[in-house]
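Survey of secondary and tertiary structure
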Amino acid sequence: MSLIDSINGFKEENDAVIVAHNYQAGEIQDIADFVGDSFGLAKKVTGLDVKNVIFCGVEFMVESAVILNPDKNIIHPELKAGCPMAEMVDLDDLLEYKQKNPNTAVVSYVNTKAETKAESAICCTSSNAVKVVESVDEPKVLFVPDKNLGHYITRFVKDKEVDIWDGFCGTHDKITLDDVQQLVDKYPDAEIVVHPECRPEVVDMADYTESTAGILRRAHESDKNHMIIGTEKEMGHRLKKEVPDKEYHFPGNPTCQNMKKITLEKVLKSLENLEPIVTVDEELAHRAKKPLERMVRIGRGNE
Ligand code: 13P
Ligand code: SF4
């Protein structure tokens, strides 16, 4: 029996659903029941009527699913698949900031640990960061941890003071202006769409700045034959599969090594044994749930 047949067999036998992020390896996306961006995955898992969810993504996404769905078994095929940006917020530093700035609302990107979310007023993803910051009552906000997404927010939010943490995503931050320019020289008519985790000067060059789901939406809507996509290169798998009549070019070919730690073999093992089930300390989960639920209620930026 092939690996894929075994995966499908155990999925049925154990009544499990597989969800995967847009940066997962193509072969993982192909066996998943649902592929999406961080916001889409958070919503999807909550709406599923199953007990067992195999979550192919990185730790912060899995942890959010656990916090939002205490009644489900959220299974992570590779516990070592983390997000380095989530590690860039030190809890003591955050608590010190909060003590010195008592009237500031902490808005945390979902790419954070549960302990950071628990100290936040509200969370956001790349698909609703501007809308979330606009929604808070306080005139001053601390945005953690991505300085590039924080900078992107300040392009739109003019009536609030926004302090920005000094974190970044190594995968997106390494895309340079020069990488984009080289592709523009080759494909001058291409539409440029980048993720807001890219540097400000890269965002300046883009026609659109979108979450991974938004990038896919642009591919459906665009009448261009070539698209320059500023994000993790596996996004190309989904784009090519759903909108095959275009060519996609990825400046710098960025890869998120953590997303690639999940393999078909590990998914099969998780399906077979229904483990490892991820847990979050109950008290911590209780505190982190409110800002996550508040985020889900706000919806996407374009909703
Ligand atoms: P999206 O929410 O746009 O899918 O992004 C998640 C992520 O980790 C980007 O690096
Ligand atoms: Fe984290 Fe960047 Fe990987 Fe996204 S692409 S999971 S932000 S390291």
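Structure first, text after, so check above.
The structure contained in this document is the topic of the report that follows. Bear in mind the structure is a predicted one, so any value in this text is a computation, not a measurement.

So, about the site of ligand 1. Near ligand 1 the following residues occur: H21, Y23, D37, S38, F60, N111, S126, H172, H195, E197, S211 and T212. One nitrogen or oxygen atom from the side chain of N111 is found 3.4 Å from an oxygen atom belonging to ligand 1. Coverage of ligand 1 by the protein chains reaches 97% of its 300 Å² of free accessible surface. Across the shell around ligand 1, the residue classes break down as two nonpolar, eight polar and two charged.

Before going further, it helps to spend a moment on the packing of helix α1 (residues 3-13) against helix α14 (residues 264-273). Relative to each other, α1 and α14 sit at 25°, their axes nearing to 9 Å. Relative to α14, α1 is oriented roughly parallel. Judged by the twist between their axes, the crossing of α1 over α14 is left-handed. Contacts between α1 and α14 involve L3, I4, S6, I7, F10 and K11 on the former and, on the latter, L264, E265, V267, L268, L271 and E272. When the residues that make up the contact of α1 with α14 are grouped by side-chain class, the tally is eight nonpolar, one polar and three charged.

Around ligand 2, the surrounding shell consists of Y23, V58, C83, P84, M85, N111, C169, H172, E197, C256 and M259. By residue class, the composition of the shell around ligand 2 is eight nonpolar, two polar and one charged.

Definitions and limits used
Residues numbered from 1 in each chain as written. Chains lettered and ligands numbered in written order. Predicted model: local features only at pLDDT ≥ 70, side-chain atom pairs only at ≥ 80, totals over all residues. Heavy atoms only, no water. Near = heavy atom within 4 Å. Polar contact = N/O pair within 3.5 Å; in protein donor to acceptor, adjacent residues only side chain to side chain. Areas by Shrake-Rupley, 256 points an atom, 1.4 Å probe, with all protein chains shown as cover. Nonpolar A, V, L, I, M, F, W, Y, C, P; charged D, E, K, R; others polar. Axes fitted to C-alpha atoms, helices over the stretch in contact; angles between N-to-C directions. Helix = DSSP H or I, 4+ residues; strand = E, 2+ residues; numbered from the N terminus. Parallel < 35°, antiparallel > 145°, perpendicular 65-115°, else oblique. Left-handed = near helix turned anticlockwise from the far one by under 90°. Contact = heavy atoms within 4.5 Å.

In short, geometric facts, not functional conclusions.
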